[in-house]
Amino acid sequence: MTTEFFDNDNGMDDAVSDEPAVDAAQFAIDDIAAYAREIAHGSRVVIFDTTLRDGEQSPGATLNTQEKLDIAHQLSRLGVDVMEAGFPAASPGDLDAVRQIAETVGCRARYDGDGKPAAPPIIAGLARANKKDIDKAWEAVKGAVRPRIHTFIATSDIHMEHKLRMSRDEVLETVGDMVQYARSLCQDVEFSPEDAGRSDREFLVQVLTVAIQAGATTLNIPDTVGYTTPEEFGGLIKYLRENVPGGKDVIFSVHCHNDLGMATANTLAGLTNGGRQMEVTINGIGERAGNTSLEETVMTLFVRQHVYGLETGIVTSEIHRASDMVSRYTGMVIQPNKAIVGANAFAHEAGIHQDGMLKHKRTYEIMDASTIGLSQSRLVLGKHSGRHALRRKLEALGYHLTADELNDVFRRFKDVADKKKTVTDADLEALVGDEIYQPKEIWELVNVQVQCGMNVVPTAVVTARNTQTGQTVTDAGFGTGPVDAVYKGINRVIGVSNTLVEFLVQAVTEGIDANGDVTIRIEVPDRSLGYKETAQGRPRRRLFSGRGVDTDIIVASAKAYMQALNKALAMEIEESSAVEVAAVLMRKAFLGGRRLSGWLRLSEERQRRESRECISLATNKAFDQVGGFEV
């Protein structure tokens, strides 16, 4: 639970909860059909955020459980209605992360934009149209006050022929059986015909009719490969709503990809033609060119409300914080000219623009920066500023830190303030991100020294400490430049084989004393551990990102590299532990004279008394990773 801290008269910290003191259970949906009808015939657009599922499928955007929980809490503060927390069948880690989100974020009331208590978000788990996936999705989301199973199967001819190798009749039968099965577990079922944008319209009508009859109350129409135009996609939504029996009493959802740069336009066209749920991600991250951007669509509906006549429950002042958090955790840098959240979105350099802004703000700005959570404060911080001023400034920027987090940031702030005359908002945001959006450290960077210049072989001496063993190691690296030397020195200390595939350095602010912000991405060889495919069956590379901030760009580069390596090491430890647990259970099964299937059944019967986490982790690994057994 996140808390805000305020100074009292004694200089101590009093914690104030950011959750209303109400029972979240009162917000459970009793009649899902009535809920769907109300949404379908109203002007409220349901915001379905899939940052933690589709967004995480971006190469290198892999998140660990704690990072997912942090983002989930922020998405809840942002006011998203539905949170697709992951693909539980992908791996034990994914299942556990979705379950933790369901049992925490999915069970806590929150405040809406008017400061009133509101329902927790619906927590959805994605599942392919088969019982194994659906069972795991239900296991993951059932702890939420408002759980949802989201199941899908491809319906385009190209997917059915080449990927599924199924006929239309077989797909129709599968849709009916699996939606009905999901509905027997969970009253809130969403169904998606994958690649609907390239599917035959008449066949889509048949598929969606079967899905409704089987119990689905939300029908998602995905433009999976970003192929359609706004006219086509909007026309498709209108056609389906008018031709699918019962279609006007269920929620039509739109899920668009950005391969041709039209995801936002297609989504808005879908809403104009009757869609009442939009599936989006923070910063538009996602596979290939990404998904529809939450901030773009939400702010379009907000600014042009008189055109669309639609509203959302998004707390817009939390957009900037959510954008920054997702960018830092995933290592995906936001382009400066990105709409709404880019660094230049509210910047004006041209003389004509500046003159207009000085005369009247609306001449060149169609929205206030404060609307999305950007500070308009004039409070300037420097080396003489205290902890109280720093806390107030961070609160104005939307960062509600715990006492320990504030202490850590304050130490970093003092270091920077000693080197810079003025610490800007951008500096503070970079410091907060670099300090609190960190993975669990297995190796801690203690010191780095570099010698370089003309006619000198770049040499780096690196000292790092293993936080698990307490061992401190020092070694040296030689390279073609100072960063190369540092990275080779770190490699000699830590010994993780990898390839640097991306390196980006940028100044946080203007001036020669600016903080350097370094983002990197490394690829770690596949060691046959973990899930290597997306929900759609496409291969996923093992990429890990890192980000470091410092006034010394060499130090920032070292921090970024250490962060990426720590992410890789943490995942390897998690996966190795899961395999070991699975192996123990298998040995017990065979030593006891049982077939594996008998042991697994016995485990399920004793789940209430056995360790739920251990059983879940082990059985999932047994199914997904260890082959050669008859189940």
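Keep in mind it's a predicted model, so treat the numbers as computed, not measured. All residue numbers refer to position in the chain's written sequence, counted from 1. Side-chain atom pairs in this predicted model are given and counted only at pLDDT of 80 or more, local residue features only at pLDDT of at least 70, and totals for whole chains, interfaces and linings cover all residues. The basis for every side-chain value is the complete set of heavy atoms in the structure, and neither hydrogens nor water enter the calculation.

Colleague: Which parts of the structure should I look at to understand unusual backbone geometry?
Modeller: As a rule of thumb, non-glycine residues mostly have phi less than zero, and peptide bonds are mostly trans rather than cis. One non-glycine residue, Asn283, adopts positive backbone phi at about 65 degrees. A run of H or I in DSSP counts as a helix once it spans at least four residues, and a run of E counts as a strand once it spans at least two, with each numbered from the N terminus. Structurally, the position occupied by Asn283 is in the loop between β12 (277-280) and α10 (294-303). Phi is positive for Asn455, close to 60 degrees, though the residue is something other than glycine. Along the chain, Asn455 falls in the loop between β13 (443-451) and β14 (459-466).

Colleague: Help me understand the pairing of strand β9 (residues 189-194) in this model?
Modeller: Along a regular strand, successive side chains alternate from one face of the sheet to the other. Exposed residues in this analysis have more than 50% of their type's maximum accessible area, buried residues have under 20%, and partly exposed residues fall in between, with area computed by a 1.4 Å probe over protein chains only. Taking burial as the measure, the six residues of β9 include six buried ones, the bulk of the element. Along β9, one buried face is formed by Val189, Phe191 and Pro193 and the opposite face, lined by Glu190, Ser192 and Glu194, is buried too. Only strands joined by at least two bridges in the DSSP assignment are considered to pair. In this sheet, β9 lies alongside strand β8 (residues 147-154) in parallel orientation, the contact comprising six bridges. Within the sheet, the bridge partner assigned to Ile149 lies in β9 and is Val189. With two bridges connecting them, β9 and strand β10 (residues 218-223) associate as parallel partners. Residue pairing for β10: Phe191 is matched across the bridge by Leu219.

Colleague: Would you mind showing me how to read the pattern of salt bridges here?
Modeller: Side-chain pairs of opposite charge can arise where the charged atoms are in close proximity. Criterion for a salt bridge: a side-chain nitrogen of Lys or Arg within 4 Å of a carboxyl oxygen of Asp or Glu. For the structure shown, the criterion picks out 27 salt bridges. As a salt-bridge pair, Asp54 and Arg53 come within 3.5 Å of each other at their nearest N and O atoms. Look at Asp54 and you get buried, because its relative accessible area is 2%. Overall, Arg53 belongs to the buried group, its relative accessible area being 4%. With a shortest N-O distance of 2.2 Å, Arg411 and Asp408 are connected by a salt bridge. In this pair, Arg411 and Asp408 both sit in helix α15 (residues 403-419), three residues apart, roughly one turn of the helix. When its relative accessible area of 27% is taken as the criterion, Asp408 is described as partly exposed. It is possible to trace a salt-bridge network through shared partners that takes in Asp324, Arg328, Asp517 and Arg547.

Colleague: Please clarify how the packing of aromatic side chains should be interpreted in this entry.
Modeller: Any two aromatic rings considered together are summarised by their centre-to-centre distance and by the angle between their planes. Stacked, edge-to-face and tilted labels apply to pairs of Phe, Tyr and Trp rings (six-membered ring for Trp) whose centres lie within 6.5 Å, assigned for plane angles under 30 degrees, over 60, and everything in between, in that order. Under the criterion given, the structure shown has two aromatic pairs. With a centroid separation of 4.0 Å and an interplanar angle of 10 degrees, the aromatic rings of Tyr487 and Tyr561 are classed as stacked. Here Tyr487 is found in helix α17 (residues 482-494), whereas its partner Tyr561 is found in helix α18 (residues 553-591), with 74 residues between them in sequence. What makes Tyr487 buried here is its relative accessible area of 6%. Our definition puts a charge over a ring when NZ of Lys or CZ of Arg is within 6 Å of the ring centre and also within 35 degrees of the ring normal. Its guanidinium or amino end placed over the ring of Tyr181, Lys131 lies 4.9 Å from that ring's centre, counting from NZ or CZ.

Colleague: Teacher, can you tell me more about the nonpolar core here?
Modeller: The set of buried Ala, Val, Leu, Ile, Met, Phe, Trp, Tyr and Cys residues whose side-chain atoms join them within 4.5 Å is what this entry labels a nonpolar core. If you look at the biggest cluster of nonpolar residues, it comprises 83 residues, and the most contacted ones within it are Phe191 and Leu240. Two residues qualify as a contact provided that any one of their heavy atoms is within 4.5 Å of a heavy atom in the partner residue. Excluding residues that lie within four positions of it along the chain, Leu240 makes contacts with Arg201, Leu204, Val205, Leu208, Ile221 and Phe252. Counting 30 residues, the second-largest nonpolar core is a separate cluster that includes Ala464, Val483, Ile554 and Leu569.

Colleague: Can you help me understand the confidence of the model for the protein in this one?
Modeller: Looking at the protein as a whole, its pLDDT mean stands at 84, while 80% of the residues score no less than 70. Confidence per residue, as judged by the predictor, is encoded in pLDDT with a range of 0 to 100. Predicted confidence is poor over residues 1-16, with pLDDT under 50, and the contacts of this stretch with residues over four places away or in other chains come to 39 contacts. Across residues 603-631, confidence stays below pLDDT 50; counting only partners more than four residues off in sequence or on other chains, it has 48 contacts.

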